[in-house]
Amino acid sequence: MSSPRVVRLRSRSEDDFDVLFRIADDLATWEERSAASPAPLTGEAFRSRLAQSDADDSGKDVSFVIDVDGAAVGSVSLFDFDELARHAEVGIALVPEARGNGIGTAAISQIVEFAFVRCNLRRVHLQVIESNLGAIRAYEKAGFVVEGRLRQHAWVRGKYEDIVVMGILRSAWDFTARDKGGLPRD
Ligand SMILES: CC(C)(COP(=O)(O)OP(=O)(O)OC[C@H]1O[C@@H](n2cnc3c(N)ncnc32)[C@H](O)[C@@H]1OP(=O)(O)O)[C@@H](O)C(=O)NCCC(=O)NCCS
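An account of the accompanying structure is given in this report. The model shown is predicted, which means the values in this text are computed figures rather than measured ones.

## Observations regarding the site of the ligand
Neighbouring the ligand are 20 residues; G104, T105, L133, G134 and R137 lie closest to it. If one sorts the elements of the shell around the ligand by residue count, helix α5 (residues 133-141) sits on top with 5 residues. Across the shell around the ligand, the residue classes break down as 8 nonpolar, 8 polar and 4 charged.

Written out as structure tokens, the structure reads:
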């Protein structure tokens, strides 16, 4: 019998560069991951982007590598912190071969716990294109609810799509369930 995989969030090391670059340079999921115009990315440009964000200590961005049984398979981040209203946005991406196995849901649940318990946030939110049904399902499993839509807000491979806005409130999140991964109450 195979033992369950251990999904954990950890800091980035130099060994993770290739996996993270493969995700960042993946044109097939560009519009799923980014609001910027699609464009090829060189390793050099990506390295300097990482260095820039490491050097920027003005913001509170938090970025973890998603590790499964010792191997990097993706990243998950909190960004755009609002210190006053205590909220931030979350973003996540996995390498293709890691998708569809519950890893994304586990990683999202863990970063939501980090946001509420360690960063004292009250709300975590995200934006997802309407056709990204797997992502929407993973967010719902982690306790996010749909809060609204930005109609025809994204240009996705030849057509306009709505952006679905989702969020989770700390008041709807069960602190007592955090050993189980921070499950929502309902
Ligand atoms: C989005 C992402 C992080 C989700 O992680 P994941 O590990 O693939 O997701 P999970 O396996 O935990 O959950 C996916 C769920 O969606 C379901 N799903 C997948 N494709 C689906 C589809 N087309 N329609 C409906 N449900 C779908 C799966 O069955 C699963 O639900 P279940 O457990 O109830 O069966 C990952 O797929 C990814 O990195 N995608 C590319 C980048 C991206 O889209 N990032 C998100 C930007 S908003």
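## A look at the sheet that holds strand β6 (residues 145-156)
Judged by pairing direction, the sheet is mixed, and its 7 strands sit side by side in the order β1-β2-β3-β4-β5-β7-β6 without closing on themselves. Looking at which strands have only one partner, the edges of the open sheet turn out to be β1 (7-10) and β6. Direction aside, neighbouring strands of the sheet carry axes that sit 30° apart on average. Pairing analysis gives 8 bridges linking β6 to strand β7 (residues 159-169), with the strands arranged antiparallel. By the bridge assignment for β7, L150 is matched with I163.

## Concerning the nonpolar core
Residues I66, A107, I108, I111, V112 and Y139 are the most contacted members of the largest nonpolar core, which totals 37 residues. Those elements that place two or more of their residues in this core are α1 (17-24), β2 (62-68), β3 (71-82), β4 (87-94), α4 (103-118), β5 (123-129), α5 and β7. Counting residues per element, this core draws most heavily on α4, at 8 residues. Apart from the residues within four sequence positions on either side, Y139 is in contact with I108, L126, V128, F144 and M166.

## Considerations on unusual backbone geometry
Phi is positive for D69, which is not a glycine, with a value near 50°. By the element assignment, D69 lies in the loop between β2 and β3. Look at R86: it is not a glycine, yet its phi comes out positive at around 60°. Within the secondary structure layout, R86 lies in the loop between β3 and β4. Given 15 C-beta atoms within a 10 Å radius, R86 is considered partly exposed.

## What about the pairing of β2?
Strand direction decides the pairing type here: β1 and β2, joined by 4 bridges, are antiparallel. By the bridge assignment for β2, R10 is matched with V65. Two strands pair when backbone bridges link them, and β2 and β3 are joined in this way by 7 bridges, in the antiparallel orientation. Residue V65 lies in a different strand from β3, and its bridge partner there is S75. What sits between β2 and β3 in their antiparallel hairpin is a turn of 2 residues, with D69 showing a positive phi close to 50°.

About the cut-offs
- Residues numbered from 1 in each chain as written.
- Predicted model: local features only at pLDDT ≥ 70, side-chain atom pairs only at ≥ 80, totals over all residues.
- Near = placed C-beta within 6 Å.
- Helix = DSSP H or I, 4+ residues; strand = E, 2+ residues; numbered from the N terminus.
- Nonpolar A, V, L, I, M, F, W, Y, C, P; charged D, E, K, R; others polar.
- Pairing = 2+ DSSP bridges.
- Axes fitted to C-alpha atoms, helices over the stretch in contact; angles between N-to-C directions.
- Core = buried A, V, L, I, M, F, W, Y, C linked by C-beta atoms within 7 Å.
- Buried ≥ 20, exposed ≤ 12 C-beta atoms within 10 Å, placed from the backbone.
- Contact = placed C-beta atoms within 7 Å.

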